[in-house]
Amino acid sequence: VPAEQCLTGIAVSPGVAIGPVFLATEAPTAVHRATIAADQVDAELARFELAVQQSQKQVRKLRTRLAILPQDGQIELSPLLDAYAMMMGPSRLTRGIRARIAERLVDAPTAVVEEVEWQAGAVLALPQADDADGLARRAAEIGEIGLRLVRNLLQTPFRSLAALPAGAVLVCDNLRPADAALLDPSRLAGVAVEDGGAEGHTAIMLRALALPATLGVAGLMAAARAGETVVVDGTAGTVTLRPGETALLAARASAAAFARERQRMQRLRRLPAVTVCGTFVELQANLEIPAELPLVAQSGAAGIGLLRSEFLFINRDTLPDETVQYETYRQIIEAMAPDPVTVRVLDWGGEKESEAMRAAGLMPEPPELNPALGLRGIRLLLKHPALLEVQLAAVLRASVHGQARVLLPMVCRLSEVRAARAVMLRVAQRLRRRGAKLPDKLPPLGIMIETPAAALSADALALEADFFAIGTNDLTMYALAVDRGDSAAATLFDPLHPGVLRLVRFAIEAALRVRKPVSVCGEVAGDPRLTPLLLGLGLRSFSMTAAALPRVKQSVRGATVEDCVRLAHTVMEQPSAQRVRAVVLGS
Ligand code: PEP
Ligand code: MG
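Some points on the overall build of the protein chain
- When you go through the protein chain residue by residue, the secondary structure sums to 23 helices and 16 strands.
- By the compact-globule yardstick of 25 Å for 587 residues, the protein chain fits well, its C-alpha radius of gyration being 27 Å.
- Counting only C-alpha atoms and orienting by the principal axes, one finds that the protein chain spans roughly 75 × 65 × 45 Å.
- Scored against the burial criterion, the 587 residues of the protein chain give a buried share of 49%.

And the structure:
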């Protein structure tokens, strides 16, 4: 019997699975280049149409399958299926394939393979270094559609995972997102794949399905044998084939611990966010895209503390009009009602690319020397008030359907708050004249505290703004003069620097003195290790990515305000980030 063998890969979905190997191999689909005669073009085009129809039918079937997936699986797969459906409609891809058949006189499979290769290559060659993952995913989507079309053209069967025995560990050379969607997490123990990375759709799907998984395991297919026991540790990113007694015992213990932890997190959802001493804390979610809404609901968030509205302005050629924006805000506000939704108006800066913004002539020309210090956030909006007016009109109208708040990004001065409020009042007046239904009381108008100047003049700003949302991401960047997106400088970016913490404390205290609501919505709000410190600084409202919420709640429920205040005192006396870290994290 061959000995125990431990392979390493990429940890993509946490948990430990133990079970027999189920080897799923797939016959490669080989396409040999074939040309056709001119009089065969019509028949070949018809053959291609049939394959398209068949593929569309398969994607529709996948969509019906969506309904029975857990919610976060739906969130992940739904946009992917939309992309598939779009690409199989009257798209660049299908047009390109037809053109190849008709003009280059190749058969349909050849046309698919060559067009897919060309278009995927073109996507990968796009000069957008900062979204390399996004481009790679897009190229993979094109490849996936191509493979589906070729298989349907050649009538080769898709890999069937239907025969997967209960409790098995799926071991395969690669796993497409659509395949992952067909996995049944109640029957399957875990997944190990030779190919694949941490950021792809497949990885996200597996996380959504809560299936322990390790991807990118080099040498896996050569070493694994069907039926033998395997341990997949999706937390450590390892796969242990033929585990010995010691390895098995350890794996069983961690599998049990993981299951207990997961159950505890699920129970937390229904428990209140209250400290041991009885102080209630507001835990809200940050929202990047509407598709996250089910996740937010699952997290038990008490509203949206930060809706980043930038998503409305990307991936499109024209600016979203009032109706498009209204419909989007309304959907979110209705879904969250009666909890509040804090819509942050567009936080655009020169460093982001938006076709729509450029086409509308709203981006500075020539590009700014230092976009982070240029026309960003509220500055840009006040320079182009029409942009702000449309967005505010949409929010005001949508606010009838629940509870909305308006948040201004990148505020530095009082005049910006006053000017924005004037715009909001003007827009409300105009809407009322138009006969639009608005709430009697307009939504509160708050500001991000994310520049050192705003933090240090928070006492003055607190008289002008209805609430504060402290953005520690930008606050740290501007306070420490370190680019938040620069990986080389990443170690210098430290929200625990005493300079940053003093800015945060000053802003919190300024708000509390005049009894204005204040929250933190930067990444630190989602770090449960920092919850006691923030509570100790007087914070009672946190907004974070939905996934972080249960753990922060757990931290709140383990804290007493008195201890937190004492901790904060000690922390604020420390001379360096290193010492702060030692006090807060005990490291
Ligand atoms: C922040 O700067 O901390 C913040 C929450 O805003 P964003 O990350 O969207 O810039
Ligand atoms: Mg910010």
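Regarding the coordination of the magnesium ion (ligand 2)
- For the magnesium ion (ligand 2), the full set of protein donor atoms is Glu450 (OE) and Asp474 (OD), and the range of their distances to it is 2.0 to 2.1 Å. Taken together, the residues Glu450 in the loop between β13 (445-449) and α16 (452-456) and Asp474 in helix α18 (residues 472-480) connect sequence positions 24 residues apart.
- According to the relative accessible area criterion, Glu450 is buried, its value standing at 2%.

Regarding the environment of Gly374
- When you line up the elements, Gly374 lands in the loop between α12 (355-359) and α13 (378-383).
- Sequence separation between Gly374 and Trp348 is 26 residues, and the spatial gap between their C-alpha atoms is 10 Å.
- Not counting the four nearest positions on each side in its chain, Gly374 is found in contact with Glu368 and Arg379.

A look at the site of ligand 1
- Near ligand 1 lie 13 residues; those nearest to it are Arg308, Arg344, Gly471, Asn473 and Arg484.
- The contact in question runs from an oxygen atom of ligand 1 to an N or O atom on the side chain of Asp474, over 3.0 Å.
- When isolated, ligand 1 has an accessible area of 290 Å², and the protein chains bury 95% of it.
- Where the shell around ligand 1 is concerned, the elements lending two or more residues are β10 (304-308) and α18.

Some details on the pairing of strand β12 (residues 403-408)
- Extensive coverage of β12 is indicated by the burial of five of its six residues.
- With five bridges connecting them, strand β11 (residues 340-344) and β12 associate as parallel partners. From the neighbouring strand, Arg344 faces β12, where its bridge partner is Leu407.
- Across three bridges, β12 lies against β13 in parallel orientation.

Some points on the packing of helix α11 (residues 322-336) against helix α14 (residues 385-398)
- Interaxial distance between α11 and α14 falls to 8 Å at its minimum, and their mutual angle equals 40 degrees. Taken together, the axis directions place α11 and α14 in an arrangement best described as oblique. The handedness of the crossing between α11 and α14 comes out as right-handed. In this structure, α11 contributes Glu322, Gln325, Tyr326, Tyr329, Arg330 and Ile333 to the contact, and α14 contributes Val390, Gln391, Ala393, Ala394, Val395, Arg397 and Ala398.
- Of the residues that constitute the contact of α11 with α14, the class distribution is eight nonpolar, two polar and three charged.

Re the environment of Gly349
- Turning to its location among the elements, Gly349 is positioned in the loop between β11 and α12.
- With sequence-adjacent residues up to four places away left out, Gly349 is seen in contact with Met363, Leu375 and Arg376.

Side note on the side chain of Thr472
- The topology assignment puts Thr472 in helix α18.
- The contact partners of Thr472, leaving out residues within four places of it in the chain, are Val504, Val520, Gly522, Glu523 and Val524.

Some points on the pairing of strand β8 (residues 238-241)
- Burial along β8 is two-sided: the face carrying Thr238 and Thr240 and the face carrying Val239 and Leu241 are both buried.
- Both strand β1 (residues 5-8) and β8 contribute to a ladder of four bridges, which runs antiparallel. Bridge pairing in β8 links Leu7 to Val239.
- Where strand β7 (residues 229-233) meets β8, four bridges bridge the pair, whose relative direction is antiparallel.

Focus on the pattern of salt bridges
- Here the structure, examined in full by the defined rule, presents 29 salt bridges.
- Among the ionic pairs, Arg330 bridges to Glu334, the shortest N-O distance being 3.1 Å. Placement of both Arg330 and Glu334 in helix α11 is noted, with a separation of four residues, approximately one turn of the helix.
- Two residues, Asp527 and Arg529, come together in a salt bridge whose shortest N-O distance is 2.9 Å.
- You can call Asp527 buried: its relative accessible area is 18%.
- Owing to a relative accessible area of 51%, Arg529 belongs among the exposed residues under this scheme.
- Each of Glu310, Arg344, Asp347, Arg376, Asp474 and Arg484 takes part in one network of salt bridges that share partners.

Focus: the sheet that holds strand β6 (residues 213-215)
- Sheet architecture is open: eight strands sit in the order β1-β8-β7-β3-β4-β5-β6-β2, paired in mixed fashion. The open sheet is flanked by β1 and β2 (10-13), the only strands paired with a single partner. Across the sheet, the mean angle separating the axes of adjacent strands is 30 degrees when strand polarity is ignored.
- Sheet strands in contact with helix α9 (residues 245-268) are β3 (16-24) and β7, and its direction is about 110 degrees off that of β3.

Some points on unusual backbone geometry
- Here the bond from Ala337 into Pro338 is cis, since omega is 5 degrees, no more than 30 degrees from zero.
- Along the polypeptide, Pro338 turns up in the loop between α11 and β11.
- We note that Met410 has phi near 60 degrees; this positive angle belongs to a residue other than glycine.
- On the secondary structure map, Met410 appears in the loop between β12 and α15 (414-433).
- A relative accessible area of 1% means that Met410 is categorised as buried.
- Phi at Arg515 is positive, roughly 55 degrees, even though this residue is not glycine.
- Its place among the elements puts Arg515 in the loop between α19 (498-513) and β15 (518-520).
- Overall, the relative accessible area of 76% leaves Arg515 in the exposed class.

Quick look at the packing of aromatic side chains
- Inspection of every chain in the model, using the stated rule, returns zero aromatic pairs.
- Positioned above the aromatic ring of Tyr326, the side-chain terminus of Arg397 is 4.1 Å from the ring centre.

Brief notes about helix α3 (residues 92-104)
- With 13 residues, α3 extends 17 Å between its outermost C-alpha atoms, agreeing within 8% with the 18 Å of an ideal straight helix rising 1.5 Å per residue.
- Turning to α3, its buried residues number three or more, namely Leu93, Thr94, Gly96, Ile97, Arg100 and Ile101. End-on view of α3: buried residues confined to an arc of 165 degrees, all on one side of the axis. What points out from α3, more than 90 degrees from its buried face, is the exposed set Arg92 and Glu103.
- Immediately downstream of α3, the backbone of Leu105 shows phi near 55 degrees, a positive value.

Conventions we followed
Residues numbered from 1 in each chain as written. Chains lettered and ligands numbered in written order. Predicted model: local features only at pLDDT ≥ 70, side-chain atom pairs only at ≥ 80, totals over all residues. Heavy atoms only, no water. Helix = DSSP H or I, 4+ residues; strand = E, 2+ residues; numbered from the N terminus. Rg over C-alpha atoms; globule rule 2.2 N^0.38 Å. Buried < 20%, exposed > 50% of the residue type's maximum accessible area, 1.4 Å probe, protein only. Donors = N, O, S within 2.8 Å, 3.2 Å for Na, K, Ca; no water. Contact = heavy atoms within 4.5 Å. Near = heavy atom within 4 Å. Polar contact = N/O pair within 3.5 Å; in protein donor to acceptor, adjacent residues only side chain to side chain. Areas by Shrake-Rupley, 256 points an atom, 1.4 Å probe, with all protein chains shown as cover. Pairing = 2+ DSSP bridges. Axes fitted to C-alpha atoms, helices over the stretch in contact; angles between N-to-C directions. Parallel < 35°, antiparallel > 145°, perpendicular 65-115°, else oblique. Left-handed = near helix turned anticlockwise from the far one by under 90°. Nonpolar A, V, L, I, M, F, W, Y, C, P; charged D, E, K, R; others polar. Salt bridge = Lys/Arg side-chain N within 4 Å of Asp/Glu carboxyl O. Phe/Tyr/Trp six-rings, centres within 6.5 Å; stacked < 30°, edge-to-face > 60°. Lys NZ or Arg CZ within 6 Å of the ring centre and 35° of its normal. Expected span 1.5 Å × (residues − 1). Arc of directions from axis to C-beta.

Worth remembering: the numbers are spatial, not functional.
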